[in-house]
There are 6 protein chains.
Amino acid sequence: MLVVNCNTDAQVTAGIARTAQAAARTCVVRAVQPTWGPTSAEGYLESYLSAAAVIERVAQERSYDAVVLAGFGEHGREGVRQLANVPVVDITEAAVLTACLLGHRFGVVTTLASTLAGIADTIELIGLSGRSAGVRASGIPVSHAGVATSDGADPGLDALERESRLLLDAGADVIVLGCAAFGGLDARLSERLGGIPVVDGVGQAVRLAETLLAAGLTTSKHGPYAPPRAKVWTERTLPLPAKISRPGS
Amino acid sequence: MLVVNCNTDAQVTAGIARTAQAAARTCVVRAVQPTWGPTSAEGYLESYLSAAAVIERVAQERSYDAVVLAGFGEHGREGVRQLANVPVVDITEAAVLTACLLGHRFGVVTTLASTLAGIADTIELIGLSGRSAGVRASGIPVSHAGVATSDGADPGLDALERESRLLLDAGADVIVLGCAAFGGLDARLSERLGGIPVVDGVGQAVRLAETLLAAGLTTSKHGPYAPPRAKVWTERTLPLPAKISRPGS
Amino acid sequence: MLVVNCNTDAQVTAGIARTAQAAARTCVVRAVQPTWGPTSAEGYLESYLSAAAVIERVAQERSYDAVVLAGFGEHGREGVRQLANVPVVDITEAAVLTACLLGHRFGVVTTLASTLAGIADTIELIGLSGRSAGVRASGIPVSHAGVATSDGADPGLDALERESRLLLDAGADVIVLGCAAFGGLDARLSERLGGIPVVDGVGQAVRLAETLLAAGLTTSKHGPYAPPRAKVWTERTLPLPAKISRPGS
Amino acid sequence: MLVVNCNTDAQVTAGIARTAQAAARTCVVRAVQPTWGPTSAEGYLESYLSAAAVIERVAQERSYDAVVLAGFGEHGREGVRQLANVPVVDITEAAVLTACLLGHRFGVVTTLASTLAGIADTIELIGLSGRSAGVRASGIPVSHAGVATSDGADPGLDALERESRLLLDAGADVIVLGCAAFGGLDARLSERLGGIPVVDGVGQAVRLAETLLAAGLTTSKHGPYAPPRAKVWTERTLPLPAKISRPGS
Amino acid sequence: MLVVNCNTDAQVTAGIARTAQAAARTCVVRAVQPTWGPTSAEGYLESYLSAAAVIERVAQERSYDAVVLAGFGEHGREGVRQLANVPVVDITEAAVLTACLLGHRFGVVTTLASTLAGIADTIELIGLSGRSAGVRASGIPVSHAGVATSDGADPGLDALERESRLLLDAGADVIVLGCAAFGGLDARLSERLGGIPVVDGVGQAVRLAETLLAAGLTTSKHGPYAPPRAKVWTERTLPLPAKISRPGS
Amino acid sequence: MLVVNCNTDAQVTAGIARTAQAAARTCVVRAVQPTWGPTSAEGYLESYLSAAAVIERVAQERSYDAVVLAGFGEHGREGVRQLANVPVVDITEAAVLTACLLGHRFGVVTTLASTLAGIADTIELIGLSGRSAGVRASGIPVSHAGVATSDGADPGLDALERESRLLLDAGADVIVLGCAAFGGLDARLSERLGGIPVVDGVGQAVRLAETLLAAGLTTSKHGPYAPPRAKVWTERTLPLPAKISRPGS
């Protein structure tokens, strides 16, 4: 099973690999990351570039039984579905569909506020906005997810707990972790919340992909996920424009 | 794993048991049926009575790790969620959530026209009406599902194929089998449809329940699925009123 | 006119009978309650069992001109519509449809938080979620509705007023009483709220049923409310499982 | 009870008066029509001018206990609610709310295609688009509604039946008459449709208004239906511009 | 280009004329006001009467290339579309459609609370409720919009800023000015809000109308905006009923 | 003004340039195309890769006053909004927002069936699904749009007319051209349809961008379109994987 981190942070990829492999029953997980793109996707621009990089990365692989896309709220899943002849599960889908089995309304806690709109769009296209009690940002960037300080404090978990409680007040009875890098925090957050189910999309996407393999089900090739027609493509070799790769400079 | 047929037709229960056990990886399936109620639930009245009978049936069991509710579009799943301390997966949820991983729009083929409104209501409450291309009746009653004639013809499968094709014309690229008794028809219908994915909720509900067990996730007890308060209940011993059990007489 | 309380609390049934009879113009009210089930329905599990008990109770009656279902947000109305050949009005429908004639957005004040999800589901299926400014719990159980303390204080009414004001702040200009046992509180709550219309579903359901009788209109039997096909039913005699009737033990 | 036809066709007003009075139990009906405006409102422009004329007509009355607005899908009901201190029921509301008590999905048959968009808008603002299986035009203008030919044929009823059957095919199980001038056709159309309930808004609006009077309920004056602030108005005496009153010339 | 203020306040019309002419590139603006009606439209009743007066006012004009309707959230635009053979742009449409090009969610700040429901209805019919983060009232009546006090304070702008900030907190990233008389406040409010885009519908409606003229596009006459059939209209000469023109007396 | 074709077909870019420049009043159009990617974007996979290529192409430009994205239903517009400090108008938005000013319901005619789902998704996120009467494919690939045969027949226009008429039957009164390469067909299709307005997004996007420039309005930088944080990006030089660029081989 191919598990694709959507950013180029090898540490995040390694964490995803651990979470994914721990969840797998029947598959061997091979976690990869794009060969180019941002070290974290925290908004539309980065998400669209990551989507292309993820699609290209999957296209470089020859043999796999299923694909898990490990970017929460990120773009591109429908493109990978056109590309691959195997089941494709996105962690956003995996997490919110699962949450609907566990409670009446779910809430999502994610990283930075810059990701909120994209996550809301994704949930709207999945079709489950009506089951959502809200999406809230913890202020923790992807790169700092789950990092405890030297004195044992864990400001990331504190922030997740704080935002989760606001979502519970707003009617949620299940919490969804809105970042692939939050893997491993689900049990600890659930404990802090007195047992409220907390869903980690990475592990659950792996499990759902295995159910599809077991059922002999794969992406429909008789609609928008049919492979593209053969046509001329223009190659590229140029590096990323500076305006993208160094927005602050 | 407790798999509960919603009607009292032992043949249907046996079929469900086979389909469920074939899907199970880690669990032993125990398929049961209510001790009272209709031999098939094909509309609101029967569905509501079945819901009560199913809830009572689950309440008679002592020990199980998960519950699968094997009545497509039937009522009661939220009640079982209040009752049980383990994951509860309804086959309607399992089927339509899975279909959303496989295609852009799903269509449901079910038994009699009398079930259409209840199925539409259920999909609306699940929240996925926007992903549905329609629900269509094949005209095959629950009791006749998958029964071939002596000369090898299979009018049930013919009807499912005919209605499925109308759903594909209406935009579906995945078909959902809208009856627990259709288990086993998924592969044959998919073949007839040229490889369109066909989702059987029974097998997939078992698989999803196993993912929840593996993930250590269970129904949220911090919202509407918390157990009911202790209160006085009036016992009952009376048989079903004749108007319900013999509507045609 | 048959008015069916959905629980087995005779005091609540008596109160409903008073409210219903006071509202009736042309009909004699006969208020009944199920022969089994919980003394109050305050969540999904109790609601589904009450639905079956209510359907069975209606099936025991021989002659009536209309049915009013007096359980706010409870399940089962579509089943009674299949069963009866006369108009069937549910108090939830009666209340929210009437509220739409009186204001731009309505708010619902109900008993315990455990009922909120079921009420929201019901309003969604009625189709009027878009007209709702919210559903809020007063914390008053069904059994304590409208009970003043010995020193004349009325904590129930206080709670209803408090939650109503929050709904008005959220955009409601009409309040709906979200419990059959709140009958008689409408005028007093309206007075406390400075004349905001407060709709009691019980009285209004009786009146609406009378309009249907006067118009010669009854439930459509050409769709999902057609009577069920005759089929085999399994009788039952067993008492309620202990897990249901004594959830706290 | 003041029943206001929205056009200036005295014959239509007389028909509405008959239908309304036949429905009234406790009220004396006084049917009026605007002093100016079109002889039929069959589209947006006519509807907006009728709305003003209807509001002005109601403002000329001194004493009435309730108002019924007898223009199907027409504008203005919220304005009359601001003006009057009594219950105000629009026949569109009355018809579609009632239809929701009788079936799962309703369909509307109206006069000309030019009215379809306005009716759809009205149902959307009422909030019940989700319960509608469609709105269809019969091609019969308001002025010809219910007029049989000398040889006993009834092309209007034929057209209503034809369009109703298309709505039933589309999922409706209740038919709503989409024109105030269709009063009296409900029973005949229902008979032709084999007993499908057919709702006439005029009679039902009168009945609903009587339920509000009986309940002591009236329009909320604590939201958008509060009376307007006193302010300067510019009087008018000029006749209607020719472009409006003679669009064809 | 004909720009129609919806009220009879000549000062407001003059302000609209200035804003509109400043925005026009290719057209000469002719700003007019109805010959009768309220000096401000701040709720349903006034809006419906203004709609008729606006339609009549447009009907008095002979020659114009486009119409801009300068009443935010007011009724009548579809009627003017039937009447005119040229592009018709309503400032509500212009403002919210433009806001959708600038941000992810918009918020509307308007005058009095009495206008909120009508604005919400209009946005719902435009179809963009899903893009709205809310509509809030500043408490500033139309007649006081943009009037600074003698000591240089600007309580109107203060109120708009306060409500805008609440909308930003609720998720808006663009602000829409919800009153034709707010023209000219957009730049100042944007500056106070640190550069958040603030859209004034009057100027933008003029610009959009010019794009339609340039594109050779005009209102579709093949649907509900086709001209009305010729029919008999009843003339009128009577003044406005006192109950409308002097509601406070 | 920078107008970006989303594919690498120079002929399409040239056509877009002509259409765009013809529409521009105040701006000089500079039409560009990505340096890599498919020669046409006709589905999710191509759309996501085009989105990245378009974003990169815009990032290579130094100076422009506005951006028009000339790919109908394609991804990426929110990313360009983060990147650019000037107004950004997508032709899908331009076309459907404009259509809402011209009629009650619009229909979209596009190229191949493989693009339908992506266009539907885009309209859903814009928020205007409720105004759409449908999206239909003509079967004409992007590369053949508007190409007449040697004998003067125009099968592309014939197909657009045929599908447009089906959309009109479904309730549309305005047609939207669903492909950037259809520019120039709007007038001819409108003539064939008897004057039904036909909206070409390219020209209209240019005009809308000019209205934003004239109004001093630009993308909100206080929400999800704020520039991304500076962070490490991984460069890339590799060519496109063969599986993407030669899907048929």
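Everything numeric in this text was worked out from a predicted model, so none of it was measured.

Here we look at the interface of chain F and chain A
You'll often see interface size given as the accessible area lost when the parts meet.
Inference 1: Taken together, the 56 residues of chain F in the interface contact 56 residues of chain A.
Inference 2: Surface buried jointly by chain F and chain A totals about 5,600 Å² across both partners, of which 62% is contributed by carbon and sulfur atoms.
Inference 3: Counting the surface chain F buries against chain A, the share from its top three residues, F:Tyr48, F:Trp233 and F:Arg236, is 15%.
Inference 4: Between A:Glu42 and F:Lys231 there is a salt bridge; the shortest N-O distance is 2.8 Å.
Inference 5: Linking chain F with chain A are 22 residue pairs in polar contact (both at pLDDT 80 or more).
Inference 6: Residue assignment for the side of chain F that touches chain A shows that the elements contributing at least two residues are strand 3 (37-38), helix 2 (44-60), helix 3 (77-83), helix 5 (116-126), strand 10 (233-234) and helix 9 (242-245) of chain F.
Inference 7: Considering only residue class, the side of chain F that touches chain A consists of 29 nonpolar, 15 polar and twelve charged.
Inference 8: Looking at chain direction, strand 3 (residues 37-38) of chain A and strand 10 of chain F are connected through two bridges and run antiparallel. Across the sheet, A:Pro38 pairs through a bridge with F:Trp233, a residue of strand 10 of chain F.

Notes on the sheet that holds strand 9 (residues 198-200) of chain E
Residue and element names in this part refer to chain E.
Inference 1: With parallel pairing, the four strands of this open sheet are ordered in space as 7-6-8-9. Two strands in the sheet have a free side with no partner beyond their single neighbour: strand 7 (132-137) and strand 9. Taken pair by pair, the neighbouring strands of this sheet meet at an average axis angle of 25 degrees, ignoring direction.
Inference 2: Relative to strand 7, strand 6 (residues 106-110) runs parallel, the two sharing five bridges. Within strand 7, the residue paired with Thr110 across the bridge is Ala137.

As for the arrangement of the chains
Inference 1: Between chain B and chain E there is no contact, and the shortest C-alpha to C-alpha distance separating them is 15 Å.
Inference 2: At no point do chain C and chain F touch; the closest pair of C-alpha atoms across them sits 15 Å apart.

Focus on the relation of the copies chain D and chain C
Inference 1: Take chain D, turn it by 180 degrees, move it 0.0 Å along the axis, and it overlays chain C with an RMSD of 0.0 Å. On the angle and the small slide along the axis, the relation comes out as a two-fold axis.
Inference 2: Comparing contact sets, 100% of the residues at the interface of chain D also lie at the interface in chain C, consistent with an isologous, same-surface contact.

Some remarks on the domain arrangement of chain A
Residue and element names in this part refer to chain A.
Inference 1: Examined at the domain level, chain A breaks down into domain 1 (2-90 + 203-245) and domain 2 (92-201).
Inference 2: A separation of 21 Å is found between the C-alpha centroids of domain 1 and domain 2.
Inference 3: Listed by partner, the interface residues are 21 residues for domain 1 and 28 residues for domain 2.
Inference 4: Both faces combined, the contact of domain 1 with domain 2 buries some 1,900 Å², and carbon together with sulfur accounts for 56% of it.
Inference 5: When the buried area of domain 1 at its contact with domain 2 is split by residue, Glu42, Tyr44 and Phe72 rank highest and sum to 39% of it.
Inference 6: Between the two partners, domain 1 and domain 2, sit two salt bridges.
Inference 7: For Arg77, the salt bridge goes to Glu93, with nearest N and O atoms at 3.0 Å.
Inference 8: At the boundary of domain 1 with domain 2, the tally comes to 14 residue pairs in polar contact (both at pLDDT 80 or more).

Re the pairing of strand 6 (residues 106-110) of chain A
Residue and element names in this part refer to chain A.
Inference 1: Counting buried positions along strand 6 yields five of five residues, so the element is predominantly enclosed.
Inference 2: Of the two faces of strand 6, the one holding Phe106, Val108 and Thr110 and the one holding Gly107 and Val109 are both buried throughout.
Inference 3: Where the polypeptide runs from strand 6 across helix 5 (residues 116-126) and back to strand 7 (residues 132-137), its parallel neighbour, the crossover connection is right-handed.
Inference 4: Looking at chain direction, strand 6 and strand 8 (residues 174-177) are connected through four bridges and run parallel. Within strand 8, the position partnered with Val108 by the bridge is Val176.

A look at the nonpolar core
Inference 1: Among the nonpolar cores identified, the biggest contains 114 residues, and C:Val3, C:Phe106, C:Leu128, D:Val3, D:Phe106, D:Leu128 and D:Ile175 are the most heavily contacted of them.
Inference 2: With sequence-adjacent residues up to four places away left out, D:Phe106 is seen in contact with D:Val96, D:Ala99, D:Cys100, D:Ile123, D:Leu128, D:Arg131, D:Ser132, D:Ala133, D:Gly134, D:Ala172, D:Val174 and D:Val176.

Quick notes on the rules
Residues numbered from 1 in each chain as written. Chains lettered and ligands numbered in written order. Predicted model: local features only at pLDDT ≥ 70, side-chain atom pairs only at ≥ 80, totals over all residues. Heavy atoms only, no water. Contact = heavy atoms within 4.5 Å. Buried area = accessible area lost by both parts, 1.4 Å probe. Salt bridge = Lys/Arg side-chain N within 4 Å of Asp/Glu carboxyl O. Polar contact = N/O pair within 3.5 Å; in protein donor to acceptor, adjacent residues only side chain to side chain. Helix = DSSP H or I, 4+ residues; strand = E, 2+ residues; numbered from the N terminus. Nonpolar A, V, L, I, M, F, W, Y, C, P; charged D, E, K, R; others polar. Pairing = 2+ DSSP bridges. Axes fitted to C-alpha atoms, helices over the stretch in contact; angles between N-to-C directions. Least-squares fit on C-alpha atoms with pLDDT ≥ 70 in both. Domains from an automatic or database assignment. Buried < 20%, exposed > 50% of the residue type's maximum accessible area, 1.4 Å probe, protein only. Right-handed = clockwise from strand over helix to strand, strands pointing away. Core = buried A, V, L, I, M, F, W, Y, C linked by side-chain atoms within 4.5 Å.

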